Every structure is written in structure tokens, then in C-alpha cells.
Amino acid sequence: MSKSTFSTHHGMTDLLPGEIEQWQALEALIHETARRYHFQEIRTPVLEQTELIARGVGQLTDIVSKEMFTFDRGEDHYVLRPEGTAPVARAFVQHHLAQRGGTQRLYYIGPFFRAERPQKGRQRQFHQFGAELIGASGAIADVEIIAFMTAIYRQIGIQNTSLKLNSVGDPSSREAYRKALHAYFKPLAGKLSDISRNRLETNPMRILDSKEEQDQPLKAGAPKITDYLSATSLAHFESVRELLDQMDIPYDVDPFLVRGLDYYTETAFELTSPDLGSQDALGGGGRYDLLIEEVGGPSTPAVGFACGIERLMIACEALGISLAQPAGPDIYFVTRGEEAARWALKKMPELRNTGLVCTMDYSGRSLKAQMKDANRQQARFTVIVGEQELQENLFTLRDMVKSEESQVKSAEIADRVAIT
Ligand code: HAM
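Residues numbered from 1 in each chain as written. Predicted model: local features only at pLDDT ≥ 70, side-chain atom pairs only at ≥ 80, totals over all residues. Heavy atoms only, no water.

1. Brief notes about helix α6 (residues 171-185)
Along an α-helix, a turn takes 3.6 residues, which lines up residues three or four apart on a common side.
Piece 1. Spanning 15 residues, α6 covers 21 Å between terminal C-alpha atoms, matching the ideal 21 Å at 1.5 Å per step.
Piece 2. For α6, the set of buried residues is Ser173, Arg174, Tyr177, Ala180, Leu181 and Phe185. Buried residues of α6, seen end-on, are gathered within an arc of 125° and therefore sit on one face of the element. Residues of α6 that are exposed and point more than 90 degrees away from the buried face comprise Lys179 and Ala183.
Piece 3. Looking at the packing, one finds that the buried side of α6 touches α7 (194-202), α8 (216-220), α9 (231-246) and β9 (265-272). (Helix = DSSP H or I, 4+ residues; strand = E, 2+ residues; numbered from the N terminus. Expected span 1.5 Å × (residues − 1). Buried < 20%, exposed > 50% of the residue type's maximum accessible area, 1.4 Å probe, protein only. Arc of directions from axis to C-beta. Contact = heavy atoms within 4.5 Å.)

2. What about the pattern of salt bridges?
Piece 1. Scanning all chains against the criterion turns up 25 salt bridges.
Piece 2. Here aspartate 373 and arginine 365 are joined by a salt bridge, their closest N and O atoms 2.9 Å apart.
Piece 3. Judged by its relative accessible area of 7%, aspartate 373 falls in the buried class.
Piece 4. Arginine 376 is the salt-bridge partner of aspartate 373, the closest N and O atoms lying 2.7 Å from each other. Placement of both aspartate 373 and arginine 376 in helix α13 (residues 367-376) is noted, with a separation of three residues, approximately one turn of the helix.
Piece 5. Here the residues in one salt-bridge network are Asp62, Lys66, Arg199, Arg206 and Asp209, joined through shared partners. (Salt bridge = Lys/Arg side-chain N within 4 Å of Asp/Glu carboxyl O.)

3. Some remarks on the domain arrangement of the protein
Piece 1. Taken domain by domain, the protein comprises domain 1 (20-170 + 230-319) and domain 2 (331-418).
Piece 2. A C-alpha centroid distance of 49 Å is found between domain 1 and domain 2. (Domains from an automatic or database assignment.)

4. Some points on the sheet that holds strand β7 (residues 162-167)
Piece 1. Pairing is mixed across the open sheet formed by eight strands, whose spatial order is β1-β5-β6-β11-β10-β9-β7-β8. Each end of this open sheet is capped by a strand with a single partner; those strands are β1 (40-41) and β8 (252-253).
Piece 2. For β7 and β8, the ladder comprises two bridges, and the chain directions are parallel. Bridge assignment links leucine 165 to a residue of β8, and that residue is valine 253.
Piece 3. Against the sheet, helix α11 (residues 309-319) touches β5 (104-113), β6 (125-134), β10 (281-287) and β11 (302-308), its axis set at about 110° to β6. (Pairing = 2+ DSSP bridges. Axes fitted to C-alpha atoms, helices over the stretch in contact; angles between N-to-C directions.)

5. Quick look at the site of the ligand
Piece 1. The ligand sits among 27 residues. The nearest are Glu83, Glu116, Gln123, Glu132 and Tyr264.
Piece 2. Arginine 259 is positioned such that a nitrogen or oxygen atom in its side chain is 2.9 Å from an oxygen atom of the ligand.
Piece 3. With respect to the ligand, the backbone of glycine 283 contributes an N or O atom lying 3.4 Å from an oxygen atom.
Piece 4. Isolated, the ligand exposes 660 Å² of accessible area, and the fraction of that covered by the protein chains is 96%.
Piece 5. The element contributing the most residues to the shell around the ligand is β10, with six residues.
Piece 6. Across the shell around the ligand, the residue classes break down as 10 nonpolar, 10 polar and seven charged. (Near = heavy atom within 4 Å. Polar contact = N/O pair within 3.5 Å; in protein donor to acceptor, adjacent residues only side chain to side chain. Areas by Shrake-Rupley, 256 points an atom, 1.4 Å probe, with all protein chains shown as cover. Nonpolar A, V, L, I, M, F, W, Y, C, P; charged D, E, K, R; others polar.)

Right under this line is the structure:
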């Protein structure tokens, strides 16, 4: 009878020892940076109501119209969350966080799901870290969010990034711009790609997002949103630019930057890397002053960002940056016989309490096999334990890096290993 084998779904990956250390180091750095920026962690469920995402992210977006993993159970419609902003907005409303006063400064790390065609840097289950600053309308908040995002990359040493900045304006600016774009592209409809032609009537701003070859020359001559911004939107955009200059955060204004989610108002930004190939966005975000009201809350301005962790890892690899080395145990107990194994089992918690990482052989293998295992696991030290060693309370401590041996008493092991 042949055995069936299983594998992960296309576009979903396991994170194994050897790689996971990088993720843990990154997560530690994110938590620490968030602490310094005084953001607090929020964890929301992986499943949300489909209607929340449809309404929050926008019916006409690719995410909602094509990429959601959904299922129904009884009356309830579930979606695997494709992004974190609508869920955080929901939590803000559901738990009346506005009543806590001041601004809410929230961050998150976790898995997200989009049924996209997988390729390098584009997965169906991917991970983001992100932050949302809710309850502040000033340009200072936009810049604080951008500073938080860029601080992570700077600390890691990913320096060759570009920050693209745009304003998508307030609803009145956007309506004027939509009309101008429609008027510009309408006579060119025959030359547009099929995707862009379809977007002409529904959402002409998304044509600017097109990666299709044939759309590029047509896009180049399109009107720019910066010429359609209302006085208030223009003033906000200029303040953001001034503050970024003041903070020495370099950026390029990209008047065609339209993000693939419908909730944005005013500031929109994206951080890109030349090391990522066609999926070049490390992260992105912007202001979303209408979303919280849209999902049933009080009118509340907000701004945030989210970044892809897989893409950050690709950039690290391209740049030869290692966030952490997988570490072997400090001590591997090599035991001879049942009594020795029992002794080691009891000794290890005592050493672990001092902070040392200990392991041993768990299957009664030969001394030679155990030494080989200790080597493979890159143990710093081995302690050899047998009947005689127990009787004399004298053990061979072997420094595996220097290939040196010394005799130690049981009580001396912790200190000897700790100081080396
Ligand atoms: P987003 O641009 O859709 O924004 O995603 C942010 C980042 O997540 C992307 O720049 C990319 O690095 C990563 N990402 C997205 N989709 C995939 C995928 N299929 N595979 C791998 N990585 C991916 C948002 O999600 C907004 N919620 C950001 C935001 C927060 N805006 C305001 N607050």
C-alpha cells in the first residue's frame, strides 16, 4: 500500500529551525523599537467577518474582488484576514478605545492571507508587521509613523531603500482627479491593457498602478493628483514633506503612487527595495481618516503602515545581512548508562536556571554517537558522565571549540561554562 504524502498549500511555507532564528531576532527588534516609540501590541483574530474587509478595504480592490479566502458556516461569513488595518479599526470601535482618550498607538506582527499567484516575494500566507496611530490628524503623526517604519530597516542595515510619497487627497480632491483621469484615458481606451480598460469606469486611479507594458507610455502623460488637491490637502502634504526633511528622512514624490486599498486619504507612501525584483514594495501605508467611521465608529483620523516580513528577509539575504546565528547548546551531556542519564536529567534544570542551554542524548546511544551528535548540534561543551565520574564527582568537561579538556566537580560546571 503506498503511503500518501502531504505538503503545504501553494504559496504557504513552513518556517524551520535554521531560518526561524532570523524571524525571532526580527520580532525582538520590532518589539523593542515599538517600545521605544511607545506603541502597544494588539492581536486580532486571523478570521474576520467578510463584510468588514469588503467595506473597509473596498469592494473594487483586487484584494476584495479576487484575493480573499472566504468560507461560510451557518449564517456567518468568515474571511482569512488579508491585511491588518480594517481589523484594528474594528477592534478600536468594538472596544470603544476612543474612550480611553488621547491617541491609540498600536502595532502588530502576524500572518495574513491573499489568494494571489505566488512568486518570489508574493505568497498566499505572508507575514506583516505594522502600526496604526489612531486619533491624530496632524502631519506630525504621519511622519512619526514613517519614522517608526524606516527605523526598523535602518537598524537592520537595509539602507538602499527608497521612500515614495504621494497624497491621494481628501474625497473632494479625489473626485476632481478621478474625473480628470477619466477624461484623459477615455480617448486612449483602445490602447490600454484589458485590466486597465476595465478599471476606466470603475476606478481610473488604479490604472496608474498598472504594471502592464503597454500602459506605461499612456500613464506617463496622465494628469497628476498634486494638481487637483484641495487647499487643505495640499497644506497637509506640504507639512508632511517639510517634517520629513527636518527628520532627515529622504523621499521621492511619486504622483502616480496609488495604493491598492481604498481606505486611504491624504498621505500615501511606500518603501521599496531594488533587491526584491518585480514585487519591490517592502512596505507601505498612509492616512485613512474615513475608515473608522466606515466600519461603524466615530469620525477618527488615523495613519499607519505595514511591511512584509518575507520581503524583508529577501532583502537581508541579498545584502548578506544575518540577524541571528542559529546557536548550539552550551552543554551537551554525554552519558554512559542509565544512572548517568538520570543524573544528567536532574542536573540540567539546575544549569538551565542559571541561563545555560543544556541538552543530552535521549536514546541511549554509544559514546561515539553522542559525541558526533554534540558536534552536529554545535555544542560549546560536552560533559562526560559515567559510573566512575559519579562516584568521584569529577567530570570531563570538553571545550568543543578549542578541543581542550579539563576535570571539574559537579558544582563547578556552571561557572566554568559561563565564563568561557
Ligand atoms: P499593503 O501594501 O497591501 O498594505 O501590504 C503591506 C506590505 O505587505 C507590502 O508592501 C508587502 O511587503 C507585504 N505583502 C502584501 N501582500 C503580500 C504577499 N502576497 N506576499 C508577501 N508579502 C506581501 C497593507 O496591508 C495596509 N494594511 C498597510 C497599512 C497599514 N496602511 C495603513 N496602515
